[in-house]
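Given next are the chains, with one letter for each unit.
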Amino acid sequence: MVRYPLYQLGNPQLRIFRPSWFLTLVRPGKEQPPDTVQFRIPMEMTKCDIKNYLEKIYSVPVGAVRTRIQFGSNKKRNHLNQKVKQPDYKVAYVQLAQGQTFTFPDIFPEKDQTSTEGSMEEMQEKFMEDEKQRQKPDPRRGGVTEWFGL
Amino acid sequence: MLKMATSSSAGRVLTLCKQFQNVFRISSATNSPHCSSALTKYQPRLYREKSPLAALSWYSPSSSVGQCRALHTTITRRGLDEFFDLPENWGQTTVKSGAPWTAKQLRTKSSEDLHKLWYVLLKEKNLLVTLEQEARRQRVQMPSPERIRKVERSMIRLETVVNERETALRLLQTGQEKGRPGAWRRNKFGHVYWYRFKEYAIPWYMNRKYKRKSFFTPKFVQPHLRLRIEKHLRENARKASLERRTQAKLKEKFPQVKVSA
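Because the structure is a prediction, the values reported are computed rather than measured.

Caption draft 1: Spatial organisation of the overall build of chain A. Of regular secondary structure, chain A possesses two helices and four strands. Reading the helices (α) and strands (β) of chain A from amino to carboxyl end gives β-β-α-β-β-α. Scaling as 2.2 N^0.38, a compact globule of 150 residues should have a C-alpha radius of gyration of about 15 Å, whereas chain A reaches 28 Å, well beyond that. Overall, the C-alpha framework of chain A stretches about 100 × 45 × 35 Å when taken along its three principal axes. At a minimum sequence separation of 6, the contacts of chain A that also span at least 24 residues come to 51%. For chain A, the computed accessible surface area is about 11,600 Å², with 54% contributed by carbon and sulfur atoms. Computed over 24 positive and 18 negative side-chain charges, the inter-centroid distance for chain A is 16 Å.

Written out as structure tokens, the structure reads:
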């Protein structure tokens, strides 16, 4: 809990060296306009703070910022029937200036797994394929199940 | 339109080298005899060039400090792309990373270097935290989650080093050790603790909430202090005697074993 100096009229602008605030870029749950980026931010940050943070550290031109606080549910109960609180967090919707757009990229693309020769994964996959082949019914019966005699 | 173009890794290596070359040139003015050894250290970078972790050292052309021929490169200005890893790392199960910075290594760096390193670590942590959240969203395991702990530890150590330097400077300039004023005070339960002052716009005698706080122990609490001290001493004595008894038993069972003190 950092205590910043008290501000009174005429005081100099507060400058923070080495800010310990971390922004999480999240994929929007609901459909957002193309220039809007959604962040999860610590509770202590304000709209001005986010604007300065993005402009100075990431050099991203920021237009408007809107924030809200998401209430974390206190409804779930653990094995002792005690209520378990999910932490609250603040969400910021940042609109980029200068007509820029942003789409959240696909960070976990599907990759074709080609396992190397002689490795454990290859042997396991071969075994699984053999098992599946064994479980299949006789193709000569033409799709008819074993229940019917002959 | 923010383009997420993949620039060549070679370009990025040179960019990073340029940044750190500049850093060296600034700090070389202060401590030139040490620099040459650090500059000529070379390690080929096979993975993420922007890893801020200390195991990687910096590439430089093999020239002495005085004749650094500067390479002209652009500063990385990828904007929101800095919240994501390099595209070749997307979808991997593990991403290589070096060791965290130790306090000993950080103490050798100048304050400007530490300031820049703080922001490098901050951006790295933002990247990792976005990756973690996206992995949770897609119900996939995050590649190498230990990186977050490494970055956190590096940042904590950086903070301690900076605070050490600040206290040293403050002691020299003012004679005060702590930046925030405070006093030793006794609370209602008889515990003596370092009370740190808070900044108010009004003096203490006008502050009603502060006046309700009592920094003394009432008379009826006095006997309980002695009882608490006695309990504490009894616990210590019990622990010591238990230790002695176990050692004696072990000595009886295994007389030839040498136990280090």
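Caption draft 2: Here's a closer look at the interface of chain A and chain B. The partner chain B presents 40 residues to the 40 residues of chain A that form the contact. Between chain A and chain B, the buried area comes to about 3,600 Å², and carbon and sulfur atoms account for 65% of it. It is R18, Y58 and F108 of chain A in chain A that bury the most area against chain B; as a group they hold 24% of the surface buried on that side. The interface formed by chain A and chain B includes two salt bridges. Across the pair E134 of chain B and R27 of chain A runs a salt bridge, and its minimum N-O distance is 3.0 Å. Our enumeration of links across chain A and chain B arrives at nine residue pairs in polar contact (both at pLDDT 80 or more). Counting residues per element, the ones that place at least two in the side of chain A that touches chain B are β1 (24–26), β2 (36–41) and α1 (47–57) of chain A. Of the residues contributing to the side of chain A that touches chain B, the split by class is 25 nonpolar, nine polar and six charged.

Caption draft 3: Quick look at helix α4 (residues 111–138) of chain B. In this model, α4 of chain B (28 residues) spans 41 Å end to end at C-alpha, consistent with the 40 Å of a helix rising 1.5 Å per residue. Backbone geometry just after α4 of chain B places R139 of chain B at a positive phi near 55°.

Caption draft 4: Local environment of the packing of aromatic side chains. Scanning all chains against the criterion turns up 11 aromatic pairs over all chains. For the ring pair Y58 of chain A and F83 of chain B, a centre distance of 4.4 Å and an interplane angle of 10° mean the geometry is stacked. Placement of the pair is Y58 of chain A in the loop between α1 and β3 (62–70) and F83 of chain B in the loop between α2 (32–40) and α3 (103–107), with the two residues belonging to separate chains. Its relative accessible area of 0% is what places Y58 of chain A among the buried residues. Judged by its relative accessible area of 0%, F83 of chain B is buried.

Caption draft 5: How the structure looks around the nonpolar core. With 46 residues, the main nonpolar core has F39 and L54 of chain A together with F83 of chain B as its most contacted residues. Counting only elements with at least two residues in this core, the list comes to β2, α1, β3 and β4 (89–96) of chain A together with α3, α4 and α5 (146–173) of chain B. If we ignore the near neighbours within four places in the chain, the residues touching L54 of chain A are L23, F39, S59, V60, V62 and V94 of chain A together with F83 of chain B.

Caption draft 6: Region of interest: the sheet that holds β2 of chain A. Strand order in this open sheet of four strands is β1-β2-β4-β3 (chain A), and the pairing throughout is antiparallel. Of all strands in the sheet, those bounded by a partner on one side alone are β1 and β3 of chain A. For this sheet the average axis-to-axis angle between neighbouring strands, irrespective of direction, equals 30°. Here β1 of chain A pairs with β2 of chain A via three bridges, running antiparallel. Paired with T24 of chain A across the bridge in β2 of chain A is R40 of chain A. Each of β2, β3 and β4 of chain A is contacted by α1 of chain A, which is oriented at about 130° to β3 of chain A, the strand it contacts most. Lying on the sheet, α4 of chain B is in contact with β1 and β2 of chain A; it crosses β1 of chain A at an angle near 35°.

Caption draft 7: Spotlight on unusual backbone geometry. Residues and elements named next belong to chain A. For S59, which is not a glycine, the phi torsion comes out positive at approximately 50°. Examined against the element boundaries, S59 turns out to sit in the loop between α1 and β3. The phi dihedral of Q98 is positive, around 55°, even though this residue is not glycine. Note on placement: Q98 falls in the loop between β4 and α2 (120–135).

Caption draft 8: Representation of a nonpolar patch on the surface in the model. A surface patch of nonpolar side chains, amounting to about 590 Å² of accessible area, comprises Y200, I202, W204, Y205 and M206 of chain B. Turning to its location among the elements, I202 of chain B is positioned in the loop between β2 (192–196) and α6 (208–212).

Caption draft 9: Quick look at a negative patch on the surface. All names here are of chain A. The grouping of E121, E125, E129 and D130 at the surface amounts to a negative patch. By secondary structure assignment, the location of E125 is in helix α2. Judged by its relative accessible area of 41%, E125 falls in the partly exposed class.

Cut-offs and rules
Residues numbered from 1 in each chain as written. Chains lettered and ligands numbered in written order. Predicted model: local features only at pLDDT ≥ 70, side-chain atom pairs only at ≥ 80, totals over all residues. Heavy atoms only, no water. Helix = DSSP H or I, 4+ residues; strand = E, 2+ residues; numbered from the N terminus. Rg over C-alpha atoms; globule rule 2.2 N^0.38 Å. Contact = heavy atoms within 4.5 Å. Areas by Shrake-Rupley, 256 points an atom, 1.4 Å probe, with all protein chains shown as cover. Lys, Arg positive; Asp, Glu negative; His and termini not counted. Charge placed at Lys NZ, Arg CZ, Asp CG, Glu CD. Buried area = accessible area lost by both parts, 1.4 Å probe. Salt bridge = Lys/Arg side-chain N within 4 Å of Asp/Glu carboxyl O. Polar contact = N/O pair within 3.5 Å; in protein donor to acceptor, adjacent residues only side chain to side chain. Nonpolar A, V, L, I, M, F, W, Y, C, P; charged D, E, K, R; others polar. Expected span 1.5 Å × (residues − 1). Phe/Tyr/Trp six-rings, centres within 6.5 Å; stacked < 30°, edge-to-face > 60°. Buried < 20%, exposed > 50% of the residue type's maximum accessible area, 1.4 Å probe, protein only. Core = buried A, V, L, I, M, F, W, Y, C linked by side-chain atoms within 4.5 Å. Pairing = 2+ DSSP bridges. Axes fitted to C-alpha atoms, helices over the stretch in contact; angles between N-to-C directions. Patch = residues over 30% accessible without salt bridge, like charges linked within 9 Å, V, L, I, M, F, W, Y side chains within 5 Å.

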